[in-house]
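Take a look at the letters that make up each chain.
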Amino acid sequence: MTEKFLCENIALNPENRLHKRDARAFAGEDFRVAGDADEPRAVTERSDTPEFRPLLDEALGWIVRLKAGEPSVADLEALRRWREQSPLHEEAFRDAARVWRLIGVAAHELDDETREEKLSAPPMARLLRAPSRRAFLGGAVAASVAGYALFRPPLDLWPSLKDLSADFRTGKGERRMVALAPEVSLELNTLTSVALKPTPGALQIELISGQAAISVGLPQTRPLVVLAAGSRITANDARFDARCIDGLVSVSCLDGSVTVEQDTRVMRVGRDEQVSYGADGVMRSARIDPRRVSAWREGLLIFHDTPLAEVVEEVNRYRPGKIVIANADLSRRIVDGVFRVDRLEMLVEQVQRLFGARAMTLPGGVVLLG
């Protein structure tokens, strides 16, 4: 199947333009706002709410538009009105300015290290060596820009402390086979972290984040238990796919059956069935297409009537750097198709050509779409 995009054209409306220097003065030099120094800053609960994230995306969209071209007086007045809508809008713009600076610092560091790797280390050495300074980049950025960067890396440009504590971990675009026992094997997808949590009565692991295809054939007296975002997945004789990303968990059974426990709820999942749940604790079941669930094992990503925001979110798990959609309308465009993991660079070009989007490319593979 070839990629198919259902899109609408985005009309650009050039008006009288304002000098970039005046634009920066209006929005804050390099998007630093008054009272927004580079001191460490704690994460607030508000920044994690479902209502806040769309505002942060919109704020990033404003920054992309002002940075990518020469904004008009109307553009800047529109930004002023947007920021004055509520304290949450203003907070989103301030956070977007911080993220913009974090992107710049992190992207340049990542770009520098990529060049160093190409020049100094042979391919096998790069695979076998201990985590590089890239993994600890968050500490340096946190010290100068945001105190929480190591714990919640901006745009996931480096692993979190919890990911670094895993017993098994894959990087972007990497897959890895792990044999926990003769009867238990895992295939870890990209950006997956797994920790061993053995107990006397069960072979137990924690899926910290990511996705794994799991095959198990154990006696009833000693099952495999997979912990994921506060839930328990138990299996004795089964093949299943477990995914845990940003607190959203899905368990897809491909053969046999598994039991999923979330708080007081227990659900048995049979062949070609899936159960999923998130922070709301609601468990949802559905039938699955096994080929689509397992496509990543063949180096494919399959999307059907999927918003571009979700497509980019998944692509970012495989592609070096980060693609950021800073336009709410663009994020809702619909994508239908099959992508090869080793040819994901074509996505940005197609989004620009078919959706009329504008792209700003930064070092380290960071691309802002608006």
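So, how was this worked out
- Residues numbered from 1 in each chain as written.
- Predicted model: local features only at pLDDT ≥ 70, side-chain atom pairs only at ≥ 80, totals over all residues.
- Heavy atoms only, no water.
- pLDDT = per-residue confidence, 0-100.
- Contact = heavy atoms within 4.5 Å.
- Pairing = 2+ DSSP bridges.
- Helix = DSSP H or I, 4+ residues; strand = E, 2+ residues; numbered from the N terminus.
- Axes fitted to C-alpha atoms, helices over the stretch in contact; angles between N-to-C directions.
- Buried < 20%, exposed > 50% of the residue type's maximum accessible area, 1.4 Å probe, protein only.

Draft legend 1. Structural view of the confidence of the model for the protein chain. The predicted model of the protein chain averages 75 in pLDDT, with 66% of residues at 70 or higher. Across residues 1-46, where pLDDT falls below 50, the model places 98 contacts with residues more than four positions away in sequence or in other chains. Low confidence marks residues 120-152, where pLDDT is under 50. Its contacts with residues over four positions away, or in another chain, come to 60 contacts.

Draft legend 2. The arrangement of the sheet that holds strand 19 (residues 366-369) in detail. A sheet is described by the order of its strands in space; here three strands give the open sequence 16-19-18, paired in mixed fashion. The sheet is open, and its two borders are formed by strand 16 (322-325) and strand 18 (359-362), each paired with just one other strand. Averaged over all pairs of adjacent strands, the angle between strand axes in this sheet comes to 15°, irrespective of strand direction.

Draft legend 3. Main features of the pairing of strand 12 (residues 265-269). Here five bridges tie strand 11 (residues 258-262) to strand 12, and the two strands are oriented antiparallel to one another. Paired with Val260 across the strands is Met267, a residue of strand 12. Remark: two residues form the turn of the hairpin made by strand 11 and strand 12, two consecutive strands paired antiparallel; Asp263 in that turn has positive phi of roughly 55°.

Draft legend 4. Fine view of the environment of Ile334. Structurally, the position occupied by Ile334 is in strand 17 (residues 334-340). Ile334 gets classed as partly exposed once you look at its relative accessible area, which sits at 27%. Linking Ile334 and Ala309, residues 25 residues apart in sequence, is a C-alpha distance of 9.0 Å.

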